[in-house]
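Examining the three-dimensional arrangement
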Amino acid sequence: MEKWSLMTVTVLLALTVRWAVSLGSYSGAGKPPMYGDYEAQRHWQEITYNLPIRQWYFNTSDNNLLYWGLDYPPLTAYHSFVCAYIAKLINPDWVALHTSRGYESQPHKLFMRTTVFVADLLVYIPAVILYCFSLKETSAKKKASTCALCILLYPGLILIDHGHFQYPLSLGLALWAVLCLSHDWDLLGSMAFCLALNYKQMELYHSLPFFCYLLGKCFKKGLKGKGLVLLAKLAGTVLVSFAACWLPFGTDVEQIMQVLRRLFPIDRGLFEACMFSSPTHCPDKVANVWCSLSVLIKIKNVISPRTQLKLSFAVTFLSLLPACIKLTVQPSLRGFKFALVSCALSFFLFSFQVHEKSILLVSVPVCLIINEIPFMATWFLLVSTFSLLPLLLKDELLLPYAVTTPAFLAVCLASFSILEKTSAEDLQLKAFSLSLKGYVSWFKSFPRIVRSLFLLSLALMGALSVLSAAAPPPQRLPDLFPLAVALVSCLHFLLFLLYFNVVILWDSKNRGQKKIS
């Protein structure tokens, strides 16, 4: 009973923070003609409710794809339809075709915010709670609630979902998939992940670890016996899940192709945000390699979109290959969770058409290992939130950012004593350090060096946050601060990618995990 009391307090605190953040501004508030992501979600409700399914993804006189056209998979559209149905019952003006464009009112804002709260309460938060209770390392009552508190207070997700405006459904479904796999419910886990992927195509960031882990389990069981049966069941589950999601579009090949063209806009190029693209206009900055390199090399100007696609695919594939091979050969739940982090980070840094919000696809898997490497997980989650700063400033979310980020750090310091867990063993680097014994003498002072780098990183992020919010940029360099945030974040992410891959490749704990039979 006590453990549920602690967890109830944790959830109530997390909901209070979400409610407080939701009171502020949202993406594109009062900024015509395009407004922002809030209007995009409202517009999708308008389209899905008023138009037949065959027109949802096509450009027509009633559906101008240049104005927030649907560019997510069918489950997003179905979810928009359900929300629109409820909205129509409350106030038909909210989803009236054409005339509701840019609709803004306090009752409508309350309705939209409530839909995000409901998605959080029904999907994301229960998955986090059950995941924390399932951790063997956090079997103690207090440990489970503190782990859940840290995850639920991660500011990046709160600020984007309840501030900027976004639904946590795809990440919540992915969490349910991880939870199912941790209990060996492989078919349910596969179905949950298929639903996540059919809600947002960015869940491809997590697809290879799911594939490699389950394929590795099949290999371990033997492809001439139980492994082959499991493989057939998994394949059937995936096919049935996709067929159910795409059924309304499956009668027409052109419908399917149009949806795919909307989901994967290859012709847009590597990214839509170019550094210093204009002296007067500053597109959103993304803390990945291609946007950072564009400061020196205008990649979009010298390489065709098709070549950009091939280049990003090759670099992304090579960067995630070691982790995927290790996971396939030695499948373990621990290795699976670390591979989710590593592969998602590779996608964020090197893949095609990355949005700054996509860092959340890395952050949520990092949350899953915060109990194992609290110091590095906390550090990464702080950097990921910092990388969103230009977007948060644009949405007038400076105050929520300034409050939730230090609060999250304080909770992690109190819950895990992270500054005391910087040894090579605490950071899962003992095997790696032993392999370098005799070659690297500074490993003895490793904890002190890591703590110093952490404090330096915090100081740098704090200084850039203050400058971005309060100081006017030089007239000749109007994008200086957003660019600095992107470059500093990208450098951190590259080092984190190296770190996570070292942990994965030198992992010696898999042998202690439950054998797959």
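Just so you know, these numbers come straight off a predicted model, no measurement behind them.

1. Topic: the packing of helix α4 (residues 106-134) against helix α6 (residues 155-165)
- Direction vectors running N to C along α4 and α6 enclose 150°, while the axes themselves pass 9 Å from each other. Between α4 and α6, the angle is such that the two are roughly antiparallel. Contact residues: α4 offers Met112, Arg113, Thr115, Val116, Phe117, Asp120 and Tyr124, while α6 offers Leu157, Asp161, His162, Gly163 and Phe165.
- In terms of residue class, the contact of α4 with α6 is built from six nonpolar, three polar and three charged.

2. Describing the environment of Ala84
- With respect to the helices, strands and loops of the structure, Ala84 is situated in helix α3 (residues 74-90).
- Relative accessible area serves as the criterion here: at 0%, Ala84 is assigned to the buried category.
- Sequence separation of Ala84 and Val364 is 280 residues, and the distance between their C-alpha atoms is 28 Å.
- Excluding anything up to four places from it in sequence, Ala84 contacts Gln45, Tyr49 and Val95.

3. Quick notes on a nonpolar patch on the surface
- Side chains of Phe81, Val82, Tyr85, Ile86, Leu89 and Ile90 sit close together on the surface and give an oily, nonpolar patch of about 590 Å² of accessible area.
- Within the secondary structure layout, Ile86 lies in helix α3.

4. Remarks on empty space enclosed by the protein
- Overall, the coordinates contain three cavities of 30 Å³ or more when judged by the stated rule.
- Roughly 60 Å³ of internal volume is contained in the largest cavity.
- Looking at the lining of the largest cavity element by element, the count peaks at four residues for helix α7 (residues 169-182).
- Considered class by class, the residues forming the lining of the largest cavity number eight nonpolar, one polar and one charged.
- When residues of the lining of the largest cavity are assigned to domains, at least three map to each of domain 1 (168-262) and domain 2 (265-507).

5. Section: the domain arrangement of the chain
- Each domain of the chain was delimited in the assignment, giving domain 1 (168-262) and domain 2 (265-507).
- Across the boundary between the two partners, domain 1 contributes 22 residues, which contact 24 residues of domain 2.
- Both sides together, the interface formed by domain 1 and domain 2 hides about 2,000 Å², and carbon and sulfur atoms give 81% of it.
- On the domain 1 side of the interface with domain 2, the three residues burying the most area are Tyr205, Pro209 and Tyr213, jointly 34% of the side's total.
- Where domain 1 meets domain 2, there are zero salt bridges.
- If you look at where domain 1 meets domain 2, you find one residue pair in polar contact (both at pLDDT 80 or more).
- Elements supplying a minimum of two residues to the side of domain 1 that touches domain 2: α7, α9 (207-246) and α10 (253-263).
- No other element matches α9, which puts 10 residues into the side of domain 1 that touches domain 2.
- Grouping the amino acids of the side of domain 1 that touches domain 2 by side-chain chemistry returns 14 nonpolar, three polar and five charged.

6. Re unusual backbone geometry
- Note that the residue after Pro32, namely Pro33, is joined by a cis bond; omega there is 5°.
- By the element assignment, Pro33 lies in the loop between α1 (2-22) and α2 (37-50).
- Phi at Glu396 takes a positive value of approximately 60°, unusual for a residue other than glycine.
- Tracing the backbone shows Glu396 in the loop between α17 (389-394) and α18 (398-416).
- The backbone of Ser417 sits at a positive phi, close to 50°, despite the residue not being glycine.

The rules we used
Residue positions are counted from 1 within each chain, in the order its sequence is given. With the structure being a predicted model, the display of local features is reserved for residues of pLDDT at least 70 and the display and counting of side-chain atom pairs for 80 or more, all residues being used for whole-chain, interface and lining totals. Hydrogen atoms and water are omitted, and side-chain values are computed over all heavy atoms in the structure. Only the stretch in contact is used when fitting a helix axis, every axis being a line fitted to C-alpha atoms; angles between N-to-C directions are given from 0 to 180 degrees. Working definition: helices are DSSP H or I runs of at least four residues, strands are E runs of at least two. Numbering for both runs from the N terminus. Orientation is classified from the angle alone, with under 35 degrees giving roughly parallel, over 145 giving roughly antiparallel, 65 to 115 giving roughly perpendicular, and any other angle giving oblique. When checking whether two residues touch, look at their non-hydrogen atoms; a contact exists if any pair is within 4.5 Å. Note on residue categories: nonpolar means Ala, Val, Leu, Ile, Met, Phe, Trp, Tyr, Cys or Pro, charged means Asp, Glu, Lys or Arg, and polar means any other residue, Gly included. When accessible area is computed with a 1.4 Å probe and restricted to protein chains, residues below 20% of their type maximum are described as buried, those above 50% as exposed, and intermediate ones as partly exposed. Within the patch definition used here, like charges are joined within 9 Å and nonpolar side chains (Val, Leu, Ile, Met, Phe, Trp, Tyr) within 5 Å, considering only residues with over 30% relative accessible area and no salt bridge. The Shrake-Rupley method, run with a 1.4 Å probe, gives the accessible areas here. Residue values count only the displayed protein chains as cover. The rule for a salt bridge is simple: a side-chain nitrogen of Lys or Arg has to be within 4 Å of a carboxyl oxygen of Asp or Glu. A cavity here means a set of 1 Å grid points, computed over protein atoms only, where a 1.4 Å probe fits but cannot escape. A pocket is an open set with protein on both sides within 12 Å along at least 5 of 7 lines, and lining residues have an atom within 4 Å of a point. Grid points are joined across faces, edges and corners, and a volume is the space filled by probe spheres set on the points. Bear in mind that the domain bounds are from an automatic or database domain assignment. Once two parts are brought into contact, the accessible area they lose, counted with a 1.4 Å probe and summed over both, makes up the buried area. Whenever a nitrogen or oxygen atom comes within 3.5 Å of another N or O atom, the pair is scored as a polar contact, on the condition that within protein one atom can donate a hydrogen and the other can accept it, and that pairs from neighbouring residues in sequence are kept only if both atoms are in side chains.

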